[in-house]
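# Report on the structure
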Amino acid sequence: MTKRNIHSGDMTRAIHAGEQPDPTTGASAPAIHMSSTFVSDSVAGFSAHDLGEDSPFLYARWSNPTVHMLERKIAALQGTEDCLCTASGMAAAAAIMLTFLSKGDHVVISDVSYAGVAELARETLPRYGIDVTPVDMSNLEAVAAAIRPNTKLVHVESPVNPIMRLTDIVAVARMAHDAGALVSADATFASPMGLDAVALGVDLVMHSTTKYMGGHGDAVGGAVAGRADLVKQMRLEAGIHHGSVLSPFNAWLIARGAATLPLRMRAHQQGALAVAEWLEAQPSVTRVFYPGLPSHPQHDLARAQMKNYSGMLSFQVGDTATAERLAAQMIEKLKIVHYAVSLGHHRTLIFWMETAGLMESSFKLEGAALESYRAFAGDGIFRMSVGLEDPEDIIADLAQVL
Ligand SMILES: *Cc1c(COP(=O)(O)O)cnc(C)c1O
């Protein structure tokens, strides 16, 4: 497992980190090593517990050369010592929670997050004797009040999927570290280009690499980047014991996408800003939430914390009946924009997300927490992932229905 650190700009790192010309064939592009097992030159038995930086490849659930290449690339992009790639973004979230939490521990988690992560925390963790406190992380007093002596992990998501609310990560990380807890952040929406999560104090940065990292909507995967000792623990627990491994084929596709991540994120940001500004000028649109717009209620925090505002935005059009009529029109009439879930692809995607339904299935918020959600989402939002098409074509497509 050779490790070549490339200290250079983002564009160069995205292309070269983890890769090298094939030593036997001279191939410039990396090979896809589908091999599940590796011929050993040692008679000694081998335990996953002894896995080290220089261990040879042995079995693909431990480590595989193509997956390793992607792990080095993501670690370089995120500025961490190491990275574990997983079968999906959900597997990355599960890797963090099931490695660093045990019976009797407590976790504080953003009360709005990717719906699957919200359900994992609220439904699965309590079955294993782990206490969970979902909290509105835009409210720092609420975070402080939620932390307890047995809090082992604070899990942040910023911007949160789907409502684009932000968390002051520096402030939350400081509170968590003062209490001796680890800090994990789901940076899927921002990508490593948008959030320098480690500089903000995060210990473990997770991504659904299905989204911006891969960037082309053709491979499901996940990753957690962080300190080598933490990644090693997750590799043993989540990779080797739980079996949450990424296929080498998907790793190759995601690495090929990641090579253009810095370039794509600049174009996503440019397109999203143009679409957001156009949406704000439409009489039928009541609110637009994009961190790069001065109208975003946390725009100052976005400017301080985000290096790129990404391509994600949300907007509202009035009551639920109006929105559902518009969604039906979109399904029927949109030519370029796909009415579909997921995000971060070169194709523009849009999807209607009703507040009542999400409360029932995933978030279950009440009182002040529900008010805070509704301040960003009202009765529901159209979540839009602005792709890499010409912004004027995306706008012309939307103009047919808005
Ligand atoms: C999509 C997503 C996930 C889950 O990722 P999968 O690859 O679909 O398992 C987790 N967090 C966020 C913010 C996401 O958008």
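Preceding this section is the structure that the text describes.
The present account deals with the structure reproduced in this document. (Residues numbered from 1 in each chain as written. Predicted model: local features only at pLDDT ≥ 70, side-chain atom pairs only at ≥ 80, totals over all residues. Heavy atoms only, no water.)

### Focus: the sheet that holds strand 2 (residues 106-110)
Under the convention used in this document: Here, strands pair whenever DSSP counts at least two bridges between them. The helix count covers DSSP runs of H or I at least four residues long, the strand count covers runs of E at least two residues long, and both are numbered beginning at the N terminus. All axes here are fitted lines through C-alpha atoms, helices being fitted over the stretch that makes contact, and every angle between N-to-C directions spans 0 to 180 degrees. In what follows, residue pairs with any heavy atoms lying within 4.5 Å of each other are defined as contacts.
Ordered by their spatial adjacency, seven strands build an open sheet running 1-7-6-5-4-2-3, and the pairing between neighbours is mixed. Bordering the open sheet on either side are strand 1 (82-86) and strand 3 (131-135), each of which pairs with just one other strand. Strand-to-strand twist in this sheet, taken as the mean axis angle between neighbours without regard to direction, amounts to 20 degrees. Across five bridges, strand 4 (residues 151-157) lies against strand 5 (residues 182-186) in parallel orientation. When the bridges of strand 5 are listed, V156 appears paired with A185. Along the sheet, helix 6 (residues 169-178) contacts strand 4 and strand 5; its crossing angle with strand 4, the most-contacted strand, is approximately 175 degrees.

### What to know about the packing of aromatic side chains
Rules: Ring geometry is summarised as follows: Phe, Tyr and Trp rings, the Trp one being its six-membered ring, pair when their centres sit within 6.5 Å, and such pairs are stacked at plane angles under 30 degrees, edge-to-face over 60 and tilted between the two. Relative accessibility thresholds used throughout: buried, under 20% of the residue-type maximum; exposed, over 50%; partly exposed, between the two (1.4 Å probe, protein chains only).
Applying the stated criterion across every chain, the model contains eight aromatic pairs. Taken together, a centroid distance of 5.6 Å and an interplanar angle of 40 degrees make the contact between F38 and F57 tilted. Placement of F38 in the loop between helix 1 (10-16) and helix 2 (65-78) and of F57 in the loop between helix 1 and helix 2 is noted, with a sequence separation of 19 residues between them. Between the aromatic rings of Y339 and F351, the centroid separation amounts to 4.9 Å while the plane-to-plane angle is 35 degrees, which identifies the pairing as tilted. Placement of Y339 in strand 10 (residues 338-339) and of F351 in strand 11 (residues 349-354) is noted, with a sequence separation of twelve residues between them. Taking the relative accessible area as the measure of exposure, Y339 reaches 25% and is therefore partly exposed. The partly exposed category is assigned to F351, whose relative accessible area is 25%. One aromatic cluster in this structure is built from F315, W352 and F382.

### Some points on the environment of G271
By the element assignment, G271 lies in helix 10 (residues 261-280). For G271, a relative accessible area of 2% puts it in the buried group. Remark: the alpha-carbon pair of G271 and E354, spanning 83 residues in sequence, is separated by 25 Å.

### Considering the packing of helix 3 (residues 89-100) against helix 8 (residues 228-241)
Helix-helix packing is described using two parameters, namely the angle between the two axes and the distance between the axes. Operational definition: Any angle from 65 to 115 degrees is called roughly perpendicular, while one under 35 is roughly parallel, one over 145 is roughly antiparallel, and all others are oblique. Ten residue types, Ala, Val, Leu, Ile, Met, Phe, Trp, Tyr, Cys and Pro, are classed as nonpolar, four, Asp, Glu, Lys and Arg, as charged, and the remainder, Gly among them, as polar.
Contact pair helix 3 / helix 8: the axes reach a minimum separation of 9 Å and the direction vectors enclose 95 degrees. Between helix 3 and helix 8, the angle falls in the class roughly perpendicular. Listed contacts from helix 8 to A95, I96, L98, T99 and F100 of helix 3 are L230, Q233, M234, E237 and A238. Within the contact of helix 3 with helix 8, the residues separate by chemical class into seven nonpolar, two polar and one charged.

### A look at the site of the ligand
The line we're drawing: A molecule or strand has a residue near it when one of that residue's heavy atoms lies within 4 Å. Counted as a polar contact is a pair of N or O atoms within 3.5 Å, where, for protein atoms, one must be capable of donating a hydrogen and the other of accepting one, and residues adjacent in sequence contribute only when both atoms are in side chains. A 1.4 Å probe and the Shrake-Rupley method give the accessible areas. Residues count as covered only by the protein chains that appear here.
With respect to spatial proximity, 13 residues lie near the ligand, and among them M90, D186, S208, T210 and K211 are the closest. In the environment of the ligand, an oxygen atom lies 2.8 Å from a nitrogen or oxygen atom belonging to the backbone of M90. Separating an oxygen atom of the ligand from a side-chain N or O atom of S208 is a distance of 2.8 Å. When the ligand is considered free in solution it has 380 Å² of accessible area, and contact with the protein chains removes 92% of it. Of the residues assigned to the shell around the ligand, the class counts are three nonpolar, seven polar and three charged.

### Here's the deal with the packing of helix 4 (residues 115-124) against helix 13 (residues 355-363)
The N-to-C vectors of helix 4 and helix 13 enclose an angle of 45 degrees; their axes lie 9 Å apart at closest approach. Between helix 4 and helix 13, the angle is such that the two are oblique. Where helix 4 abuts helix 13, its residues A115, A118, E119, R122 and E123 lie against S361, S362 and F363. Grouping the amino acids of the contact of helix 4 with helix 13 by side-chain chemistry returns three nonpolar, two polar and three charged.

Nothing here speaks to function; it is geometry throughout.
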